[in-house]
Amino acid sequence: MGYKVFISYKYLDNSVWQLSPHDILNKTNETNETTARDYVDIIQKIFEKDGIHINKGEKDDESLDHFKKETIQSKLADKIFDSSVTIVLISPDMKDSLEEENQWIPWEIAYSLRSKQRSEKKSKRNAILLVILPDQNGSYYYVNQCGFYFNIIQRNLNNLHTPYYACKLENGCSKSYMLRCNWDKFISKPNAWIDAAIEIRDNGDKYTIVVRP
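No experiment lies behind these values; they were computed from the predicted model shown.

Q: Outline the overall build of the chain, supporting the account with residue identities and numerical values.
A: For the chain, the helix and strand inventory stands at 6 helices and 7 strands. Going from N to C terminus, the chain has its helices and strands arranged as β-α-β-α-β-α-β-β-β-α-β-α-α. For the chain, the residues scored as buried account for 48% of the 213 residues in total. Counting contacts in the chain only where the partners sit at least 6 residues apart, residues at least 24 apart contribute 72% of the total. For the chain, the exposed surface amounts to about 11,600 Å²; the carbon and sulfur share of it is 47%.

Here it is, written out as structure tokens:
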């Protein structure tokens with residue numbers, strides 16, 4: 001079954017593993033540096049090729065940077081409202097010096113976690129899949145640093161309060177509402193990871209979910 005997927009990420013984070021020219025064939029960045037955006041392009045190309053899931057995030061030529069903050073927030077809210085899954089690309093420098101409530105990734109996650117209603121239309125809480133990108137050395141261990149995650153992520157990890165039967169993960173139900181996996185594991189079976197995240201969402205009442213950054 002296909003789902004509408006929104007991808008949250010730090011566009012210019014170049015502290016990630018540098019992809020091969022083959023992987024980033026359509027690269028337009030003058031420096032040819034790999035950024036988190038290049039990983040988004042790979043996911044979107046897979047979606048286009050498979051024809052299973054629908055991309056609700058902006059394409060690389062659809063930047064919202066020239067809009068006012070209120071307009072950007074409205075457009076992002078529309079995309080998230082019309083999606084079922086939010087994939088968050090975790091990268092080493094995704095956090096900046098601003099307060100968390102003034103950064104886009106935590107806001108996108110918080111909005112994704114809410115059940116929403118507009119007139120007669122309703123949108124359930126999104127499934128959340130955290131995909132950890134490799135750092136410049138190809139390592140994933142940077143996420144183990146104390147205080148690395150945004151608060152909205154940290155508070156939704158290890159928040160299972162009632163175990164349940166689950167069939168999409170090898171080890172049974174996830175201990176966290178936000179399912180985590182490394183890039184190499186995700187990219188080898190993206191549909192399976194998305195299905196697992198959906199199964200968690202459908203059992204959302206078994207988790208203590210925090211919806212504010």
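Q: Can you break down helix H2 (residues 69-81) residue by residue, with the values?
A: Taking 1.5 Å per residue as the helical rise, H2 with its 13 residues ought to reach 18 Å, and the 18 Å between its terminal C-alpha atoms agrees with that figure. Where H2 is buried, its residues meet strand E1 (4-8), helix H3 (104-112), strand E4 (116-118) and strand E5 (121-123).

Q: Provide a residue-level description of the packing of aromatic side chains, including the pertinent values.
A: As enumerated under the stated definition, the model contains 9 aromatic pairs in all. Ring centres 6.1 Å apart and planes at 35° place the aromatic pair Tyr 9 and Tyr 11 in the tilted group. Taking relative accessible area as the criterion, Tyr 11 reaches 34% and is therefore assigned partly exposed. Between Trp 183 and Phe 186, the aromatic rings sit 6.1 Å apart at their centres with planes inclined by 45°, giving tilted as the arrangement.

Q: Give a detailed account of the sheet that holds strand E6 (residues 127-132), specifying residues and quantitative values.
A: Taken in spatial order, the 5 strands make up an open sheet running E2-E1-E3-E6-E7, and their pairing is parallel. Two strands in the sheet have a free side with no partner beyond their single neighbour: strand E2 (54-55) and strand E7 (179-182). Where E1 and E2 come together, 2 bridges link them in parallel fashion. Residue Lys 4 lies in a different strand from E2, and its bridge partner there is Ile 54. Together, E1, strand E3 (85-90), E6 and E7 form the strand contacts of helix H6 (residues 190-201), whose direction differs from that of E6 by roughly 140°.

Conventions used here
Each chain has its residues counted from 1, following the order in which its sequence is written. In keeping with the model being predicted, local features are shown solely for residues with a pLDDT of at least 70 and side-chain atom pairs are shown and tallied solely at 80 or more, while totals for entire chains, interfaces and linings include all residues. By convention in this description, side-chain values take in all heavy atoms of the structure and omit both hydrogens and water. Helix numbers and strand numbers start at the N terminus; a helix is a DSSP run of H or I with at least 4 residues, a strand a run of E with at least 2. Accessibility here uses a 1.4 Å probe with only protein chains present; expressed as a share of the type maximum, an area under 20% marks a residue as buried, one over 50% as exposed, and anything in between as partly exposed. Here, two residues are considered to be in contact whenever any of their heavy atoms come within 4.5 Å of each other. Reported accessibility uses the Shrake-Rupley method at a 1.4 Å probe radius. Residues are deemed covered only where the shown protein chains occlude them. Here the expected length of a helix is defined as 1.5 Å per residue gap, with one fewer gap than residues. In this scheme Phe, Tyr and Trp rings, the latter by its six-membered ring, pair at centre separations within 6.5 Å, and the angle between planes marks the pair as stacked below 30 degrees, edge-to-face above 60, and tilted otherwise. Any two strands with at least two DSSP-identified bridges between them are counted as paired. Angular values range over 0 to 180 degrees, each being the angle between N-to-C directions of two axes fitted as lines to C-alpha atoms, with helices fitted over their stretch in contact.

Geometric values such as these leave the question of function open.
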